[in-house]
Amino acid sequence: MAFWRQYRRNVAAVIGLAILLVVVVMAVSAPLLYPGDPWDMAGKPFIWPFQSWKFPLGTDRLGRDVAACIFHGARVSLLIGIVATTVAVVVGIVVGAFAGFYGGKVDDVLMRLTEIFQTIPSFIFIFVVVAVFTPTVPIIVLAIAVVSWPQLARLVRGEFIALRGRDFIQGCIAIGMSDLRIIFFQALPNALAPVIVTASVTVALAILAESGLAFLGLGDPNVMSWGTIIGAGRAVLRQAWYLTAIPGVAILLTVLSLNLIGDGLNDALNPRLRGRR
């Protein structure tokens, strides 16, 4: 496959994909390897990593298995990142596509709306929304999606402005094809490459945002996430630094892998960059 041949030329992107696959396997296998509730006490408090074969990553101050928390936390972090990005991509595509295709007043109204959301500091907006409403996973996803769609909308708008003057689009208009069919079945497939690249980075930013919220105590109290583990471990940072280091490394590697994947996708999907590596 031409896409994979181009993608694998970027060694860093392949490494990023391998890291992400490991994280996905952790998330999928969490109910099998650690079927119990990760919040339950599993052993003595403050067992250090590799001190006991039963708890390879140790236990926290309440005796919870850190490995179980990491595996189950991967499920929550990936879920929030992927769902929030999906919502942002859908909204961004719809807004950007209509603005770029129709132009004129439609473009003005939709872009002014986009600019309103872009002027709001992202994390502060997320913080306020989650603080005002109940901090649940759906609310966190919605808050992250609201601040993520404007950049995607502007990106799609730019692609549609460049495409609407192309011969194949004008030909579709000439034969009487409906606007929605032109937008979603003719123009959109040709504008997806930069959207896919941006979406991979958006997933990473969403994971960081959720981790920041959980660290500040605004995560969903009913689910285990990496940010929640770090937040719980900061109170005993001097006594058991591994409680913050282990989930911190998990976040670092996941975000790094997504950024490397985005770089690889950019190389593989952008014809101007092909053959440079």
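Preceding this section is the structure that the text describes.
Cut-offs and rules
- Throughout this description, residue numbers start from 1 for each chain and increase along the sequence as written.
- Where totals are concerned, whole chains, interfaces and linings use all residues; where local detail is concerned, this predicted model gives features only for residues with pLDDT of at least 70, and gives and counts side-chain atom pairs only at 80 or more.
- With hydrogens and water stripped out, all remaining heavy atoms of the structure feed into the side-chain values.
- The term salt bridge refers to a side-chain nitrogen of Lys or Arg lying within 4 Å of a carboxyl oxygen of Asp or Glu.
- Strands are runs of DSSP state E lasting at least two residues, helices are runs of H or I lasting at least four, and both sets are numbered from the N terminus onward.
- Type-normalised accessible area, obtained with a 1.4 Å probe on protein chains alone, sets the label of each residue: buried when under 20%, exposed when over 50%, and partly exposed for intermediate values.
- Throughout, a residue-residue contact means that at least one pair of heavy atoms, one from each residue, lies within 4.5 Å.
- Helix axes are fitted only over the stretch in contact, all axes being lines through C-alpha atoms; the angle between N-to-C directions runs from 0 to 180 degrees.
- Under this scheme an angle from 65 to 115 degrees is roughly perpendicular, one under 35 degrees roughly parallel, and one over 145 degrees roughly antiparallel; angles in between are oblique.
- Under the grouping applied here, Gly and all other residues not named as nonpolar or charged are polar, the nonpolar ones being Ala, Val, Leu, Ile, Met, Phe, Trp, Tyr, Cys and Pro and the charged ones Asp, Glu, Lys and Arg.
- A 3.5 Å cut-off defines polar contacts: any pair of N or O atoms within that distance qualifies, except that in protein one atom must be a possible hydrogen donor and the other a possible acceptor, and neighbouring residues in sequence count only when both atoms are side-chain atoms.
- For patches, a residue must show more than 30% relative accessible area and have no salt bridge; joins then use 9 Å for like charges and 5 Å for nonpolar side chains, namely Val, Leu, Ile, Met, Phe, Trp and Tyr.
- Accessible surface is estimated by sampling points in the Shrake-Rupley manner with a 1.4 Å probe; for residues, cover comes only from the protein chains shown.
- Classification of ring pairs uses Phe, Tyr and Trp, with its six-membered ring standing for Trp, and accepts pairs whose centres are within 6.5 Å; under 30 degrees between planes counts as stacked, over 60 as edge-to-face, and the remaining range as tilted.
- Lysine NZ or arginine CZ positioned within 6 Å of the ring centre and within 35 degrees of the ring normal marks a charge as sitting over the ring.

S.K.: Before we move on, can you summarise the pattern of salt bridges with the specific residues and values?
M.R.: Once the charged atoms of two side chains with opposite charge are near each other, the side chains can pair. Under the criterion given, the structure shown has five salt bridges. Of the charged contacts in the structure, one is a salt bridge between Arg-112 and Asp-108, with a shortest N-O distance of 3.9 Å. Taken together, the positions of Arg-112 and Asp-108, both in helix H4 (residues 104-118) and four residues apart, correspond to about one turn of that helix. With relative accessibility at 42%, the residue Asp-108 sits in the partly exposed group. The structure contains a network of salt bridges with shared partners spanning Asp-108, Arg-112, Glu-115 and Arg-154.

S.K.: If you had to explain the environment of Ala-209 to someone new, which residues and values would you point to?
M.R.: On the secondary structure map, Ala-209 appears in helix H9 (residues 192-215). Along the primary structure Ala-209 and Val-83 are separated by 126 residues, whereas in three dimensions their C-alpha atoms are 13 Å apart. Those residues in contact with Ala-209 that lie beyond four places of it in its chain are Phe-123, Ile-126 and Ile-144.

S.K.: Quick rundown of the packing of H9 against helix H11 (residues 242-269)? Include the residues and the values.
M.R.: Contact pair H9 / H11: the axes reach a minimum separation of 8 Å and the direction vectors enclose 170 degrees. In terms of orientation, H9 lies roughly antiparallel with respect to H11. Here Ala-193, Ile-196, Val-197, Ser-200, Val-201, Val-203, Ala-204, Ile-207, Leu-208 and Ser-211 of H9 come into contact with H11, specifically with Ile-251, Thr-254, Val-255, Leu-258, Asn-259, Gly-262, Leu-265, Asn-266 and Leu-269. Classifying every residue of the contact of H9 with H11 by side-chain character gives 13 nonpolar, six polar and no charged.

S.K.: Which residues make up the side chain of Asp-107, and what values do they have?
M.R.: Here Asp-107 shows up in helix H4. Of the residues examined, Asp-107 reaches a relative accessible area of 10% and is grouped as buried. Here the side chain of Asp-107 touches Arg-157 through a polar contact of 2.7 Å, side chain to side chain. The residues contacting Asp-107, other than those within four sequence positions of it, are Ala-99 and Arg-157.

S.K.: With reference to specific residues and values, describe a nonpolar patch on the surface.
M.R.: Among the surface-exposed residues, Phe-123, Ile-124, Phe-127, Val-128, Val-132, Phe-133, Phe-215 and Leu-216 lie close enough to one another that they form a single nonpolar patch of about 720 Å² accessible area. A per-element tally of the nonpolar patch places helix H5 (residues 122-132) first, with five residues. Looking at the element boundaries, Leu-216 is found in the loop between H9 and helix H10 (226-233). Judged by its relative accessible area of 44%, Leu-216 falls in the partly exposed class.

S.K.: Just give me the short version of the packing of aromatic side chains, but keep the residues and values in it.
M.R.: If you walk through the whole model with that rule in mind, you get nine aromatic pairs. Ring centres 5.7 Å apart and planes at 20 degrees place the aromatic pair Trp-4 and Tyr-7 in the stacked group. Note that Trp-4 and Tyr-7 are positioned in helix H1 (residues 2-7) at a spacing of three residues, about one turn of the helix. With a relative accessible area of 4%, Tyr-7 lands in the buried category. Taken together, the aromatic side chains of Phe-98, Phe-101, Tyr-102 and Phe-184 make up a single cluster linked through ring pairs. Across from the ring centre of Phe-215, 4.7 Å away, lies the NZ or CZ of Arg-234, which sits over that ring.

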